[in-house]
Amino acid sequence: MTTHVQTPATAQSRSASAAPTRTYTNAELAALEHKFTAPNYDPLRAVLTTGNGVWVHDVEGRKYLDMLAGYSALSFGHQHPRIMDAFFNQAKRLTVVSRAFENDQLGPMAQELCAFTGFEQVLPMNTGAEAIESAIKTARKWAYLKKGVAKDQAEIIACTANFHGRTTTVISMSSTPQYKDFFGPLTPGFKLIPFGDLNALKNAITKNTCAFLVEPLQAEGGVHIPPEGYLRECAQVCKQNNVLFICDEVQTGFGRTGKDFAWQWDGESARPDILALGKALGGGVYPISAILSSREIFSVFKAGDHGSTFGGNPLGAAVAREVIKVMRDEKISERAEKTGQWIREHLRAIKSRKIKEIRGRGMLNGIEVHPEAGDAHHFVELLLKECVLCKETAKQVIRITPPIVITQEEAEWGLERIAKVLGD
């Protein structure tokens, strides 16, 4: 089986007959992508053309189990029928109008998202990095107008091994050299501390500190889970020092870790002042992100301070509204917790001298391999040959993060192949 790509046709040929198609192979399409796109990615050699649920096919008909789920963007699987219906129904009505006008989807979406998360207001954007940029701008303006920090002196504390996006400002707080090298001059105003170290946070706060930005669970950093109570204690320290507590849940939100949001593992007292969302909020079909906060914090903005042409567009808002309904109706968080525990149990049952540790929470899991066994990318390529799609991170960790809707039977199919590749 190969894919058929329509070529340009003249008006005359379109009216006379269907446009001609050309058949491409995996290799030909990969060559086209590498020739005509910038070399900032080195994808695995699977040219995907269709997907449904947890399964995808390449252009030559090979079937794969998706155990990456678009870094959580596909938490509800490929082509979720309810989300697709919401997308197509809205696409037929109205797609983009810009924020110069109001639309009939943004207000209801904001109300429903606030009710679902427990926050007062929403600032909608498009991508996860834009959400983090919005959180940074919010925290800085709050510091100058509300806290009294001297102009241009606001500092934000973040953690080493973080991943908050790829914009110039966001990479300025990265501890990964490749993300920063040759992209300077970098944006000042960031301070890094070790993830999970409460004392480091206490010692890093100064009169100019406006916010502490943290992932409740570091995914790209290597699937690192903080000590129990860490987020709750961080929230308390921030409150005591008049510092905003910001949680980046772009990857961990919407059930991925077995709770609606990962900060909830430490209880209501760990509630952040600003919550950043993305990826799964778009249901795997449309990019939408947002930050949520209180009316008091967002009051620092006035019209014209910040915005996005596509942010809050009716198509994205309609999709997000259905995502919230699916979260409740299909008990996504509960499924993530139950199936995730089951997956970890089976991973830990693999007899392997290659595996150093299995760690995770909900459906965000990692297999750390011993360096002497090779790096994680080697095993990711072997799993590709077994028709299991996953990706490495932090060099030695294989991410096992399938769509939350995966069944145990489907997961077992993948686990058998993981055991074949990693087992003794």
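About the criteria used
- Residues numbered from 1 in each chain as written.
- Predicted model: local features only at pLDDT ≥ 70, side-chain atom pairs only at ≥ 80, totals over all residues.
- Heavy atoms only, no water.
- Disulfide = S-S within 2.5 Å.
- Buried < 20%, exposed > 50% of the residue type's maximum accessible area, 1.4 Å probe, protein only.
- Core = buried A, V, L, I, M, F, W, Y, C linked by side-chain atoms within 4.5 Å.
- Helix = DSSP H or I, 4+ residues; strand = E, 2+ residues; numbered from the N terminus.
- Contact = heavy atoms within 4.5 Å.
- Salt bridge = Lys/Arg side-chain N within 4 Å of Asp/Glu carboxyl O.
- Phe/Tyr/Trp six-rings, centres within 6.5 Å; stacked < 30°, edge-to-face > 60°.
- Lys NZ or Arg CZ within 6 Å of the ring centre and 35° of its normal.

**With respect to the state of the cysteines**
In this structure the tally under the stated criterion is zero disulfides. Counting only cysteine sulfurs, Cys 247 is the nearest neighbor of Cys 114, a cysteine outside any disulfide, at a range of 17 Å. For the unlinked cysteine Cys 210, the closest cysteine sulfur is that of Cys 238, found at 11 Å. Overall, Cys 210 belongs to the buried group, its relative accessible area being 0%.

**Here's the deal with the nonpolar core**
Inside soluble globular proteins, nonpolar side chains tend to come together where they are buried. Counting residues in hydrophobic clusters, the biggest one holds 89 residues, and the most contacted among them are Leu 113, Phe 212, Phe 254, Ile 367, Ile 398 and Ile 418. Per-element tally for this core: the top contributor is helix α11 (residues 314-329), with eight residues. In this structure, Leu 113 is in contact with Val 122, Phe 254, Leu 277, Leu 281, Ala 290, Leu 292 and Ile 324, ignoring residues within four places of it in sequence. With 27 residues, the next largest nonpolar core counts Ala 135, Trp 142, Cys 210 and Ile 297 among its residues.

**Notes on the pattern of salt bridges**
Scanning the entire structure with this criterion turns up 21 salt bridges. The shortest N-O distance in the salt bridge between Asp 42 and Arg 45 comes to 3.5 Å. Looking at Asp 42, the relative accessible area reads 52%, which means it is exposed. Through salt bridges with shared partners, one network takes in Lys 356, Glu 357, Arg 359 and Glu 368.

**A look at the packing of aromatic side chains**
By the definition in use, this model includes 10 aromatic pairs. Centre to centre, the rings of Phe 163 and Tyr 179 are 5.8 Å apart; their planes meet at 70°, and the pair counts as edge-to-face. Here Tyr 179 lies in helix α7 (residues 177-180) and Phe 163 lies in the loop between β7 (155-159) and α6 (168-171), a separation of 16 residues in the sequence. Here the aromatic rings of Phe 212 and Phe 245 are separated by 6.3 Å at their centres, their planes lie at 20°, and the arrangement is stacked. Linking Phe 212 in strand β9 (residues 209-214) with Phe 245 in strand β10 (residues 244-248), this pair joins segments that are 33 residues apart in sequence. In this structure Phe 212 comes out as buried when scored by relative accessible area, which is 0%. Relative accessible area serves as the criterion here: at 1%, Phe 245 is assigned to the buried category. Members of the aromatic cluster, each reached through a chain of ring pairs, are Phe 87, Phe 88 and Tyr 286. Here the guanidinium or amino end of Arg 271 rests over the ring plane of Phe 119, the centre of that ring lying 4.8 Å away.

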